[in-house]
Each structure stands twice: as C-alpha cells, then as structure tokens.
Amino acid sequence: MKGIIFNILKKSVPASHVFAVFSGLIIGTVFGLSIPLIVLSHSEKVASYEEVAAVSMVEDALRLAGRSNSQEEDFSYITLPGVQKYDGPRLAQSMPIETKEAWLSWMSKNRGDDPAFLEQRWNWAQNLAETSELKRPEDIRAFLLTPREHFVRARNKGLEYADTWLSIGYGATITDPDVVSMMTTTLNVKPLDKVLEIGTGSGYQSAILSYLTKDVYSIEIIRPLYFETDALYRDLERNFPSFSVINRKLGDGYYGWEEYAPFDKIIVTCSIDHIPPPLLRQLKPGGIMVLPLGPPNRQYIMEIVKNEDADGSIILSRRDVYNGQSVRFIPFRDEGGTSYSTPVAEEPK
Ligand code: SAH
C-alpha cells in the first residue's frame, strides 16, 4: 500500500491504476456509510401505507446523512401511524385524578415522565381548571398527561408551565395554555372523532388531542419546523406511545387533507380573516371548527358549527368563545409566506 501511494505521488503508476484505486475508495466509503443508514431506516416503525413509509424513510436517510438533495422539493412528506393505533383516550380514563398523591404515584408507575415536572404540571392543570374553560374531565386528563416540557423549546427552559405563549423559532409560537384549553374545550373531542389541526408548530396541541381520540391529523407549512417536530414525536413515542397516532404532513393546511376528509373537528392554530372554503367543505355535517378569525393584529376565537337542513343546504352557526376578548396568532400563510386575506376557492396546482 505504502508503495502504491508512493508511486502515485511520484506519478509513476498508469492513470488507469490511479482511477481504479480512487473509485475503490469512493465505492467503499459510500457502501460503508450506507450500512448504518439502511439499519436506521429499517428500525423505523413500519407504516401501514407502504409507499408513504418508503418516502419518509428516504427522507430520514437523507436527513441522517446530513446531505441535501436537489430533488427534495418534489417530495411530499407525510408520517402516518401504523394499523395498530395506541388508545390514548383509554389510558387517560384509567388514570386516577382524585388526589395529587394518587395521580403522582400512578404517573411514576405507568409512565416515562421526568418526575421533576410532575408536581408542576398537576398544580398548573389544577389552576387552569379553576381559572379557564378547562372543565371537562376528559380535557383535564389530556392536559395532565401531556408533557409540555418537551414541546416548549430549550431556549425557554424554566417557562415550561408559564401561562404565556412562547417562541419556538421560525416565527412560530407554542400557544398560550389558556387559549389551548379554550380551543380544546370548544372542540368537545369524542374518542371516535377524526380531528384535523392546521399548524402543527411545537406539536403540543396535537399531543393533547392524542389523549382525546386515536385519529389526529396535523399539517405544518414551515419545512424545518415540520421536521423538527416530526423528529420530536418519533423520539417521544417510546415513552408516550399515544403520539404515534398523530398523522403528520408538510404542506399548506388551507386546502385541508382531502384523502382523510371529512373530519368531525377542525382546529386552526394560525390566524385568518375568513374561513378557508376547503376546510369548511372537509368538515362533516354536525362538525365543529375552531379558529382565530380576524385581521393580522387581532382575532377572535370562533366556534363554527356546520349543519345541513332537510333540503341539504349548509347552515353555519358561529360563536365567539372568548366573549369578545381578542387574541393574536401567527398568520395563516401560503407556501410563499404571504398571509391569506381573501378566500381562495380553487385547489392548489
Ligand atoms: N398548534 C401549534 C401552534 C403553532 S403557531 C402548537 O401547539 O404549538 C401556528 C403555526 O401555524 C405555525 O407553526 C405556522 O407555521 C403554521 N401555519 C401557518 N400557515 C399555515 C398553513 N397554511 N398550513 C399549515 N400550517 C400553517
């Protein structure tokens, strides 16, 4: 070997030999690198939709290899749960919440939470139940089960259970807990409901939903944020298996998720001055949509109930769930970053 290299350096070896040695090195390196990638991608849970799983595995491999790919823009990224759906609502029902002591002891026996946060979470949820609309036992249970400390990003350490919205980067936020409790309560989620969320963001709202139903769908438009939260869910699934029921998609939520429509409930977590027609169409008759409606600087949390009368015409009823109190959400934007301001009826290209 020493001789060969020496000869190469001295340029006394024919060019074809040099080429052979270098191609050997390159092929060897690529093959060597691909082994851990193959192992990693196959250690993923196999999704029920093989084609989709294949796409997401390719993406994982690229991400793990730290390479970018010019074709990337053409992929549509979707993570779908397997056929066996973890029963988050059942787990929530089996949890004792009569006293803090009973709850703490059940949590430490049955779950993988960081014990440092449990007491804080209990007191915080208790306070929300007293001061906000968080009254339904199912919703209180979901708040008690969801480890907010994993969804508040590291930059906000110490504020995991603060009563405020917090930045999660990319111009997005994790919503104020009071507003999350108001919107969740308004949805009145039943265990068999199919729920669509627009604006995955930190992932916290969908994590809450995964303790209320096994059928959660969530769309995020900001590419790096989508991947960050997708990776977070994958990581947390080991200790919190109910997050594995969250179907996730990178895309423009204005157009909903046609393949899985209609939905019983739709929660929009970015602000807009009108109800996106495609979302209204994808809502079941009798279904509820909750969204922050209004101009960019001020919105009102509206509950929209869609009903059909005897001759099939659609009747919408709307209610300001916060009684006139305004909120301020991140704008509902298109892929180019422009906020939606007038209804767009047609489907995207
Ligand atoms: N539900 C989130 C709140 C995130 S803030 C949570 O629990 O943390 C609102 C999110 O809506 C942002 O992440 C923003 O990127 C996203 N968003 C804005 N326009 C969107 C669109 N057209 N489709 C999907 N998500 C969108």
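Along the backbone of the chain there are eleven helices and ten strands. When each of the 349 residues of the chain is scored for burial, the buried share is 49%. Surface summary for the chain: the accessible area is close to 17,600 Å², and the carbon and sulfur share equals 57%.

Attention now goes to the pairing of strand β2 (residues 166-169). When β2 meets strand β3 (residues 172-174), the two strands line up antiparallel, connected through three bridges. Looking across to β3, one finds that Gly 169 is bridged to Ala 172. In this structure, the hairpin formed by β2 and β3 is closed by a connection of two residues, where Tyr 170 is found at a positive phi of approximately 55°.

Near the ligand, the surroundings consist of 26 residues, among which Glu 197, Ser 202, Glu 220, Asp 252 and Arg 333 are the closest. In isolation the ligand has 580 Å² of accessible area, and contact with the protein removes 99% of it. A majority-of-atoms criterion places the ligand in the largest pocket. Considering every element that reaches the shell around the ligand, the biggest residue donor is β3, with three residues. Considered class by class, the residues forming the shell around the ligand number twelve nonpolar, ten polar and four charged.

Looking at the largest pocket, its volume works out to about 680 Å³. Breaking the lining of the largest pocket down by element, the ones donating at least two residues are β3, α8 (177-187), β4 (194-198), α9 (204-209) and β5 (215-220).

A few words now on the side chain of Ser 218. Here Ser 218 shows up in strand β5. Within the local environment of Ser 218, its side chain forms a polar contact with the side chain of Glu 197, the two groups lying 2.8 Å apart. A distance of 2.8 Å separates the side chain of Ser 218 from the side chain of Thr 200, its partner in a polar contact. Discounting chain neighbours no more than four positions away, the residues touching Ser 218 are Glu 197, Thr 200, Ser 206, Ile 246, Asn 247, Arg 248, Lys 249 and Trp 257.

So, on to the sheet that holds strand β6 (residues 246-250). The strand order across the open sheet formed by eight strands is β1-β6-β5-β4-β7-β8-β9-β10, and the pairing between neighbours is mixed. On the outer flanks of this sheet lie β1 (78-79) and β10 (314-320), each paired with one strand and no other. Of the pairings in the sheet, the one linking strand β8 (residues 283-293) to strand β9 (residues 300-308) comprises six bridges and is antiparallel in character. Bridge pairing in β9 links Met 289 to Ile 304. α8 contacts β4, β7 (263-268), β8, β9 and β10 of the sheet and is inclined by roughly 165° relative to β8. Set on the sheet, helix α10 (residues 223-236) makes contact with β1, β5 and β6; between it and β6 the angle comes to about 160°.

Time to look at helix α6 (residues 115-131). Taking 1.5 Å of rise per residue, 17 residues should cover 24 Å, and α6 covers 25 Å from first to last C-alpha, within 8% of that figure. Lining the buried residues of α6 we find α5 (100-110), α7 (137-145), α8 and α9.

Here we take up the side chain of Ser 210. Mapping Ser 210 onto the fold places it in the loop between α9 and β5. Within polar-contact distance, the side chain of Ser 210 engages the backbone oxygen of Ala 207 at 2.7 Å. If sequence neighbours within four positions are ignored, Ser 210 has contacts with Gly 88, Pro 89, Val 216, Ser 242, Phe 243, Val 245 and Ile 246.

Attention now moves to the packing of α5 against α6. It is the contact of α5 with α6, at a shortest axis distance of 11 Å, that shows an interaxial angle of 135°. Between α5 and α6, the crossing angle belongs to the class labelled oblique. Considering the relative orientation of α5 and α6, their crossing is right-handed. Between α5 and α6, the contacting residues are Lys 100, Trp 103, Leu 104 and Met 107 on the first element and Leu 118, Glu 119, Arg 121, Trp 122 and Asn 123 on the second.

Rules behind the numbers
- Residues numbered from 1 in each chain as written.
- Predicted model: local features only at pLDDT ≥ 70, side-chain atom pairs only at ≥ 80, totals over all residues.
- Heavy atoms only, no water.
- Helix = DSSP H or I, 4+ residues; strand = E, 2+ residues; numbered from the N terminus.
- Buried < 20%, exposed > 50% of the residue type's maximum accessible area, 1.4 Å probe, protein only.
- Areas by Shrake-Rupley, 256 points an atom, 1.4 Å probe, with all protein chains shown as cover.
- Pairing = 2+ DSSP bridges.
- Near = heavy atom within 4 Å.
- 1 Å grid on protein atoms, 1.4 Å probe; cavity = no way out; pocket = protein on both sides within 12 Å on 5 of 7 lines; lining within 4 Å.
- Sits in = over half its atoms within 2 Å of the grid points.
- Nonpolar A, V, L, I, M, F, W, Y, C, P; charged D, E, K, R; others polar.
- Points joined across faces, edges and corners; volume = space filled by probe spheres on them.
- Polar contact = N/O pair within 3.5 Å; in protein donor to acceptor, adjacent residues only side chain to side chain.
- Contact = heavy atoms within 4.5 Å.
- Axes fitted to C-alpha atoms, helices over the stretch in contact; angles between N-to-C directions.
- Expected span 1.5 Å × (residues − 1).
- Parallel < 35°, antiparallel > 145°, perpendicular 65-115°, else oblique.
- Left-handed = near helix turned anticlockwise from the far one by under 90°.

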